[in-house]
Amino acid sequence: MADDVLTARDLSRALLARQMLLERQAIAPADALSRLLAIQAQLPRTPFIGLWSRLAGFEPDDLRTAIAGRKVVRATAMRGTLHLMTAADFLTFRGSLRTGEAITLPGGTKTTVTELEPVLALARKHFAEPREFESFRDVLEKAGYSDIRIMAYAARQLLPLVQAASDMPYGFSPGGEFVLAKAYLGEDIAAGAAPAELLCRYLAAWGPATPADFSGWSGLKGVAALFEALGDDLVTFRDDRGKVLYDLKDAPRPGGHVPAPPRFVPDFDAVTQGHQDRARILPPEHAPRVASKNLQVPPMLLVDGFVAGTWKLEAKKKTATVSVTAFEKFTAKDREAIEAEAIALAKAFEPTAEAAVVFS
């Protein structure tokens, strides 16, 4: 029997439902992170905005408390980038994100984990307590290494380091101090890799998807075998170009007819980073407007389930202004809903200022 075809709108609604952007959920921040597996956190504030857009009655103090209590960590995870995730998920899956002996360093240098062991030994000793990452470069220099930045990069990718919480407004200091997970959480990462479980968690938050999608999101290679191994645990569909998509059987797929409210998502938001082909969330005609040579991903406005603009929140004197750069002409109804959401965003993150919205 032929696979059912899912249109871009169908895939948009499936993604938004799983990302909690179709309807805000009344759950705790740590539970939301568990459902999403992780939210990118290159900037400390972005997870707070991302969760505000997803949760009913989101209170920043709830997330700050989870961070301070070490139930939630900021750490290098998927694709070697900083993510916010529960400590339990970090411990379970960190080992699955780096498999094999071979490693390619910046500049194309190929080496192995064994060859890097002297560097890793220095890093383990240095990060047994929280320290700024820049200070490790001094250790490498004293040890006689000339390619200091590359060796520091290797340590950051290969060791399970987490950022120590601080009393800053968004839970972490800029730059911050890093420490080994075992020293910070009292428990080391799981010894065995769990890539099949990682795939199922990915599909729960981003499916339906292709092996290339999962590979791009996780940074893992040769993942087609994982999909094959799950066999009848997965169902298949095709997109409107004929590409095979895999999904969990009971995952929500509400259909393209379901209304999608406007949502403001922050820089590098998870919903925009889960697929190689982002047409289910980013219309191809708008893709050039969010492309960046330095790989920055701007805050985006979703309208009717798709990226329809970018935005910026700035507080000056007594006014907090949400500036919206629209990629298309909005209907009066959509504009009213966008303004209401923008004002709520401004009040949530600049509560003492008067909220304003500007379109361009």
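Further up the page is the structure itself.
Conventions adopted
- Residues numbered from 1 in each chain as written.
- Predicted model: local features only at pLDDT ≥ 70, side-chain atom pairs only at ≥ 80, totals over all residues.
- Heavy atoms only, no water.
- Buried < 20%, exposed > 50% of the residue type's maximum accessible area, 1.4 Å probe, protein only.
- Helix = DSSP H or I, 4+ residues; strand = E, 2+ residues; numbered from the N terminus.
- Pairing = 2+ DSSP bridges.
- Lys, Arg positive; Asp, Glu negative; His and termini not counted.
- Salt bridge = Lys/Arg side-chain N within 4 Å of Asp/Glu carboxyl O.
- Contact = heavy atoms within 4.5 Å.
- Phe/Tyr/Trp six-rings, centres within 6.5 Å; stacked < 30°, edge-to-face > 60°.
- Polar contact = N/O pair within 3.5 Å; in protein donor to acceptor, adjacent residues only side chain to side chain.
- Axes fitted to C-alpha atoms, helices over the stretch in contact; angles between N-to-C directions.
- Parallel < 35°, antiparallel > 145°, perpendicular 65-115°, else oblique.
- Left-handed = near helix turned anticlockwise from the far one by under 90°.
- Nonpolar A, V, L, I, M, F, W, Y, C, P; charged D, E, K, R; others polar.

What follows is about the pairing of strand E3 (residues 72–76). Counted residue by residue, E3 has five buried out of five residues, so it is predominantly covered. Going residue by residue along E3, you find Val 72, Arg 74 and Thr 76 tucked away on one face and Val 73 and Ala 75 tucked away on the opposite face as well. Strand direction decides the pairing type here: E3 and strand E4 (residues 82–86), joined by five bridges, are antiparallel. Paired with Ala 75 across the bridge in E4 is His 83.

On to the side chain of Arg 94. Along the chain, the position of Arg 94 falls in the loop between helix H5 (87–93) and strand E5 (102–104). One buried charged residue, Arg 94, forms no salt bridge at all, with the nearest opposite charge on Asp 188 at 9.6 Å. Residues in contact with Arg 94, not counting those within four places in the same chain, are Thr 76, Asp 89, Arg 156, Gln 157, Leu 158, Leu 159, Pro 160 and Ile 189.

The full count for this structure, using the stated rule, is 16 aromatic pairs. Summarising the aromatic geometry, the rings of Phe 330 and Phe 359 are spaced 6.3 Å apart at their centres and angled 70° between planes, so their arrangement reads as edge-to-face. Note that Phe 330 is positioned in the loop between strand E15 (319–326) and helix H14 (332–349) and Phe 359 in strand E16 (residues 354–359), a separation of 29 residues in sequence. In this structure Phe 330 comes out as buried when scored by relative accessible area, which is 13%. Take Phe 359: its relative accessible area is 18%, and that puts it in the buried class. Aromatic ring contacts, followed pair by pair, group Tyr 202, Trp 206, Phe 214, Trp 217, Phe 227 and Tyr 246 into a single cluster.

This paragraph deals with the side chain of Asp 213. Tracing the chain through its elements places Asp 213 in helix H11 (residues 211–218). Buried and without a salt bridge, Asp 213 has Arg 280 as its closest oppositely charged side chain, separated by 4.2 Å. One polar contact links the side chain of Asp 213 to the main-chain amide nitrogen of Thr 210, over a distance of 2.9 Å. Here Asp 213 is in contact with Tyr 202, Gly 274, His 275, Gln 276, Asp 277 and Arg 280, once residues within four sequence places are set aside.

Taken in spatial order, the five strands of this open sheet run E12-E13-E14-E15-E16, and their pairing is mixed. Strand pairing shows two members of the sheet lacking a second neighbour, strand E12 (263–265) and E16, which therefore form its edges. Averaged over all adjacent pairs, the angle separating strand axes in this sheet is 30°, with direction ignored. Pairing between strand E14 (residues 306–316) and E15: eight bridges, direction antiparallel. Paired with Ala 315 across the two strands is Ala 320, which belongs to E15.

At their nearest, the axes of helix H6 (residues 117–126) and helix H7 (residues 134–142) sit 11 Å apart, and the two run at 130° to each other. One way to sum up the angle between H6 and H7 is to call them oblique. The two elements H6 and H7 meet at a crossing, and its hand is right-handed. Listed contacts from H7 to Val 119, Leu 122, Ala 123 and His 126 of H6 are Ser 135, Phe 136, Val 139 and Leu 140. Here the residues of the contact of H6 with H7 sort into six nonpolar, two polar and no charged.

All right, on to helix H1 (residues 8–18) then. Burial within H1 is extensive, with eight of its eleven residues counted as buried. Downstream of H1 by a residue or two, Met 20 has a phi angle that is positive, lying close to 65°.

You can see Leu 22 is positioned in the loop between H1 and helix H2 (29–36). Judged by relative accessible area, Leu 22 falls into the buried class, the value being 16%. The sequence separation of Leu 22 and Pro 254 amounts to 232 residues, and the corresponding C-alpha distance is 9.9 Å. Those residues in contact with Leu 22, other than ones at most four positions away along the chain, are Arg 13, Leu 16, Ala 17, Pro 254, Val 258, Pro 259, Ala 260, Pro 261 and Arg 263.

Before going further, it helps to spend a moment on the sheet that holds E4. Ordered by their spatial adjacency, six strands build an open sheet running E2-E4-E3-E8-E9-E7, and the pairing between neighbours is antiparallel. With partners counted over all chains shown, the strands left at the sheet margins are strand E2 (39–40) and strand E7 (131–132), one partner each.

We now examine the environment of Ala 87. Summarising the element assignment, Ala 87 is placed in helix H5. Since its relative accessible area comes to 9%, Ala 87 is described here as buried. Residues Ala 87 and Ala 30, 57 residues apart in the sequence, show an inter-C-alpha distance of 9.4 Å. Not counting the four nearest positions on each side in its chain, Ala 87 is found in contact with Arg 70, Lys 71, Val 72, Val 73 and Leu 185.

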